[in-house]
Amino acid sequence: MTFDPDLDLGLERIIRAPRAAVWRAWTDPSRLARWWTPAPSLCRVDRLDVRPGGAFVTSFSDDGTEYVPHMDACFVAVDELERMVFTNAIDSDWRPARPEPIAMTATVTLTDHPDGTDYRIVVRHGTPDARAQHDKLGFADGWGTVAAQLAAHVEGTK
């Protein structure tokens, strides 16, 4: 798939850890909970079934007691240690969804790099307006923050 600048947002960074460590951080619920929402918010992984058709459901909390929905998505494709694709346009029960604030499909790609793992995310949107809205809502800050938290988690610095 090609990157369409009118519809897609993306980020890339080198994570100084093996690809298997990054994969585990995405696929192990206890590890995912440590970095998936921007700190200081806390994440709870409610369902994580990393396979095509599997559920990806998380909640977050600002106080550690009351959790609210964060992500209710479905994995579309999974290539172990290499790629996962999920969408919130279909919820974890395979029902069509109208997620707030926007519907998206995200592709996470991991490839070997001399310094560790080349980590790439492309988030696809259905319209230029949806892409612009996601960008305005802080895509770069939000997804960038959690990518940095992921890197810190697997690099052993946090």
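Structure's up top.
Thresholds, definitions, all that
- Residues numbered from 1 in each chain as written.
- Predicted model: local features only at pLDDT ≥ 70, side-chain atom pairs only at ≥ 80, totals over all residues.
- Heavy atoms only, no water.
- Buried < 20%, exposed > 50% of the residue type's maximum accessible area, 1.4 Å probe, protein only.
- Helix = DSSP H or I, 4+ residues; strand = E, 2+ residues; numbered from the N terminus.
- Arc of directions from axis to C-beta.
- Contact = heavy atoms within 4.5 Å.
- Core = buried A, V, L, I, M, F, W, Y, C linked by side-chain atoms within 4.5 Å.
- Salt bridge = Lys/Arg side-chain N within 4 Å of Asp/Glu carboxyl O.
- Phe/Tyr/Trp six-rings, centres within 6.5 Å; stacked < 30°, edge-to-face > 60°.
- Pairing = 2+ DSSP bridges.
- Axes fitted to C-alpha atoms, helices over the stretch in contact; angles between N-to-C directions.

Asker: Which residues make up helix H3 (residues 128-136), and what values do they have?
Answerer: Among the residues making up H3, those that are buried are Ala130, Arg131 and His134. End-on, the buried residues of H3 take up no more than an arc of 100°, which puts them together on one face. Every exposed residue of H3 that faces more than 90 degrees away from the buried side is listed here: Asp129 and Lys136. Buried positions along H3 lie against strand S1 (8-15), strand S7 (116-124) and helix H4 (139-155). Count one or two residues on from H3 and you reach Gly138, which has phi positive near 110°.

Asker: Give a description of the nonpolar core that names residues and reports values.
Answerer: Ranked by internal contacts, the top residues of the largest apolar core, which has 38 residues, are Trp26, Trp36, Phe56, Phe86, Tyr119 and Trp143. Those elements that place two or more of their residues in this core are S1, helix H1 (19-27), strand S2 (42-48), strand S4 (68-79), strand S5 (83-87), strand S6 (105-113), S7 and H4. For this core, the leading source of residues is H4, giving seven residues. When neighbours within four sequence positions are excluded, Trp143 is seen to be in contact with Leu11, Trp36, Phe86, Met104, Ala106, Ile121, Val123 and His134.

Asker: Which residues make up the pattern of salt bridges, and what values go with them?
Answerer: Considering all chains together, one arrives at 10 salt bridges under this definition. In this structure, the salt-bridge partner of Arg51 is Asp49, at a minimum N-O distance of 2.8 Å. Of the residues examined, Asp49 reaches a relative accessible area of 30% and is grouped as partly exposed. Connected via shared salt-bridge partners are Glu12, Asp118 and Arg120.

Asker: Can you break down the packing of aromatic side chains residue by residue, with the values?
Answerer: Overall, the coordinates contain 12 aromatic pairs when judged by the stated rule. Pairwise contacts between aromatic rings join Trp26, Trp35, Trp36, Phe56, Phe75, Phe86, Phe139 and Trp143 into one cluster.

Asker: Tell me what's going on with the sheet that holds S4, and back it up with residues and numbers.
Answerer: In space, the seven strands of this open sheet follow the order S1-S7-S6-S5-S4-S3-S2, with antiparallel pairing throughout. In the strand order of this sheet, the two ends are held by S1 and S2, each with one partner. Pairs of neighbouring strands in the sheet enclose a mean axial angle of 20°, with direction left out of account. Relative to S7, S1 runs antiparallel, the two being bridged by eight bridges. When the sheet's bridge partners are listed, Gly10 is paired in S7 with Val122. The strands that H1 touches are S1, S2, strand S3 (55-61), S4, S5, S6 and S7; relative to S6, the one it contacts most, it runs at about 155°. Lying on the sheet, H4 is in contact with S1, S5, S6 and S7; it crosses S1 at an angle near 25°.

Asker: Go over the pairing of S5 with me, naming the residues and quoting the values.
Answerer: Judged by how many residues are buried, S5 sits mostly within the fold: four of five residues are covered. Relative to S5, S4 runs antiparallel, the two being bridged by five bridges. Bridge assignment links Asp79 to a residue of S5, and that residue is Arg83. Turn length for the S4-S5 hairpin, with the two strands adjacent in sequence and antiparallel, is three residues, and the turn residue Leu81 shows positive phi of about 70°.

Asker: Could you give an account of unusual backbone geometry, with specific residues and numbers?
Answerer: Residue Ala39 is joined to Pro40 through a cis peptide bond whose omega torsion reads 15°. Cis geometry is found at the peptide bond from Glu100 to Pro101, where omega equals 5°. Within the secondary structure, Pro101 sits in the loop between S5 and S6. Notably, Leu81 is not glycine yet its phi reads approximately 70°, a positive angle. Checked against the element boundaries, Leu81 lands in the loop between S4 and S5. For Trp94, which is not a glycine, the phi torsion comes out positive at approximately 65°. Tracing the backbone through its elements, the reader meets Trp94 in the loop between S5 and S6. Owing to a relative accessible area of 59%, Trp94 belongs among the exposed residues under this scheme.

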